[in-house]
Amino acid sequence: MRRQFFTNTIKILAVGVGTFSIFKLNDTPKSESKIELKKGFFLRPPGVVSEKHFLANCIRCAKCVKACPYNTLSLAKIGEFASLGTPKFSANEIPCYLCDDLPCIKACPTDALDKSIDKISLVNIGRAIVDESSCVAHFGIQCDACYRACPFIDKALKLEYKRNERTKKHAMLVPKVDYDYCVGCGLCEKVCITKKPAIVILPTSFILGERNDNYVKGWVSGDDERLKHIDTSKKHDEKKAINYLNDGEF
């Protein structure tokens, strides 16, 4: 009898909490809903190859969290978008400082974090994107905060010379991200001077597409070597046009 009482009590509380959450969600002001939307994505620690592989191997031990000297990582809590108990971080709060010895990867007891990554340049957390409509450099104001903070300065983040079309006199130096070098550490987002960062880090899967293997980067030396075994000669079928005309109905 007592067991049944406790069971019914727990069920009632669960329903109450669920109903309260629904009403709270519906009553959320529009300004707050934008903040909630940011929970829809999250950044993983260095060494994650793919989200699927990571979730299959992460045992939620928090060793990578404890190993981080900057307290960048934290475990996902109930109500957050990330899988409960898995490590994640927000670049706007505490970015990844890309420790040379990558202690978070070394501390991982499973294959959730790729142990073959031994250089910070091989890390693949995400990619930076610039909102030109809110970046003050695109207004003609001199600002290079994100550029100076980038650990791969003049590679992952460059300053691109552009003419100020409004004044027709002045030059602008605007941040330009090179996705071949950007690893998504978030240092640029952290130091951005705007009210809401004009440069933000998104997970790699949100940003990058995937090209066909037959396309070559002509500006990259040796990239055309991938196609050296491919037969690029054109093969013409002289009878194809004749057969097409003969088979047609006129």
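Here the structure is shown first, and the text comes after it.
This report concerns the structure included in the present document. (Residues numbered from 1 in each chain as written. Predicted model: local features only at pLDDT ≥ 70, side-chain atom pairs only at ≥ 80, totals over all residues. Heavy atoms only, no water.)

### Brief notes about the overall build of the protein chain
In terms of helices and strands, the protein chain carries 9 helices and 6 strands. For the protein chain, restricting intrachain contacts to residue pairs at least 6 apart in sequence, the fraction spanning at least 24 positions comes to 61%. Accessible area for the protein chain stands at about 18000 Å²; split by element, carbon and sulfur atoms hold 56% of it. (Helix = DSSP H or I, 4+ residues; strand = E, 2+ residues; numbered from the N terminus. Contact = heavy atoms within 4.5 Å. Areas by Shrake-Rupley, 256 points an atom, 1.4 Å probe, with all protein chains shown as cover.)

### As for the environment of aspartate 223
Of note, aspartate 223 is situated in the loop between helix H8 (204-207) and helix H9 (238-247). Apart from residues lying up to four places away in sequence, aspartate 223 is in contact with Arg211, Tyr215, Val216 and Lys217.

### What about the layout of surface pockets?
Of the voids in this model, the second largest pocket is the one considered here, and its volume is about 350 Å³. What lines the second largest pocket is a set of 17 residues, among which Glu51, Ile125, Pro203, Thr204 and Ser205 lie closest to the centre. Of all the elements, H8 adds the most residues to the lining of the second largest pocket, at 3 residues. The residue inventory of the lining of the second largest pocket, partitioned by class, reads 10 nonpolar, 5 polar and 2 charged. (1 Å grid on protein atoms, 1.4 Å probe; cavity = no way out; pocket = protein on both sides within 12 Å on 5 of 7 lines; lining within 4 Å. Points joined across faces, edges and corners; volume = space filled by probe spheres on them. Nonpolar A, V, L, I, M, F, W, Y, C, P; charged D, E, K, R; others polar.)

### Examining the nonpolar core
Looking at soluble globular proteins, one finds that nonpolar side chains tend to be buried together. One finds Leu98 and Ile199 to be the most contacted residues of the largest nonpolar core, which totals 42 residues. Counting only elements with at least two residues in this core, the list comes to helix H4 (63-67), helix H5 (103-107), strand S5 (171-177), helix H7 (187-191) and strand S6 (199-203). The element contributing the most residues to this core is S5, with 3 residues. Discounting chain neighbours no more than four positions away, the residues touching isoleucine 199 are Ala128, Ile129, Val130, Cys146, Leu157, Val177, Cys188, Glu189 and Cys192. (Core = buried A, V, L, I, M, F, W, Y, C linked by side-chain atoms within 4.5 Å. Buried < 20%, exposed > 50% of the residue type's maximum accessible area, 1.4 Å probe, protein only.)

### Some remarks on the packing of aromatic side chains
One pass over the structure, following the stated rule, counts 3 aromatic pairs. With 6.1 Å between their ring centres and 45 degrees between their planes, phenylalanine 42 and phenylalanine 81 make a pair best called tilted. Placement of phenylalanine 42 in the loop between helix H2 (30-37) and helix H3 (51-57) and of phenylalanine 81 in the loop between strand S1 (74-75) and strand S2 (87-88) is noted, with a sequence separation of 39 residues between them. Given the relative accessible area of 18%, phenylalanine 42 is considered buried. (Phe/Tyr/Trp six-rings, centres within 6.5 Å; stacked < 30°, edge-to-face > 60°.)

### Observations regarding the side chain of threonine 86
The residue threonine 86 is located in the loop between S1 and S2 in this model. When its relative accessible area of 0% is taken as the criterion, threonine 86 is described as buried. A distance of 2.8 Å separates the side chain of threonine 86 from the side chain of arginine 44, its partner in a polar contact. Contact partners of threonine 86, with chain neighbours within four places excluded, come to Arg44, Phe54, Leu55, Cys58, Arg60, Ser74, Leu75 and Ala76. (Polar contact = N/O pair within 3.5 Å; in protein donor to acceptor, adjacent residues only side chain to side chain.)

### Looking at the pattern of salt bridges
The full count for this structure, using the stated rule, is 4 salt bridges. Residue glutamate 80 is joined to lysine 88 by a salt bridge in which the shortest nitrogen-to-oxygen separation is 3.4 Å. Residue aspartate 144 is joined to arginine 148 by a salt bridge in which the shortest nitrogen-to-oxygen separation is 3.1 Å. On the accessibility criterion, arginine 148 (58% relative accessible area) is exposed. (Salt bridge = Lys/Arg side-chain N within 4 Å of Asp/Glu carboxyl O.)

### Concerning unusual backbone geometry
The phi dihedral of arginine 60 is positive, around 55 degrees, even though this residue is not glycine. Locating arginine 60 in the fold gives a position in the loop between H3 and H4. Residue arginine 60 is classed as partly exposed on the basis of its relative accessible area of 33%. Even without being glycine, alanine 62 reaches a positive phi, approximately 70 degrees. For alanine 62, a relative accessible area of 14% corresponds to the buried category.

### Details of the environment of leucine 84
Mapping leucine 84 onto the fold places it in the loop between S1 and S2. C-alpha of leucine 84 to C-alpha of arginine 60: the two residues are 24 residues apart in sequence and 8.5 Å apart in space. Each residue touching leucine 84, except ones within four places of it in the same chain, is listed here: Arg60, Ala76, Lys77 and Ile78.

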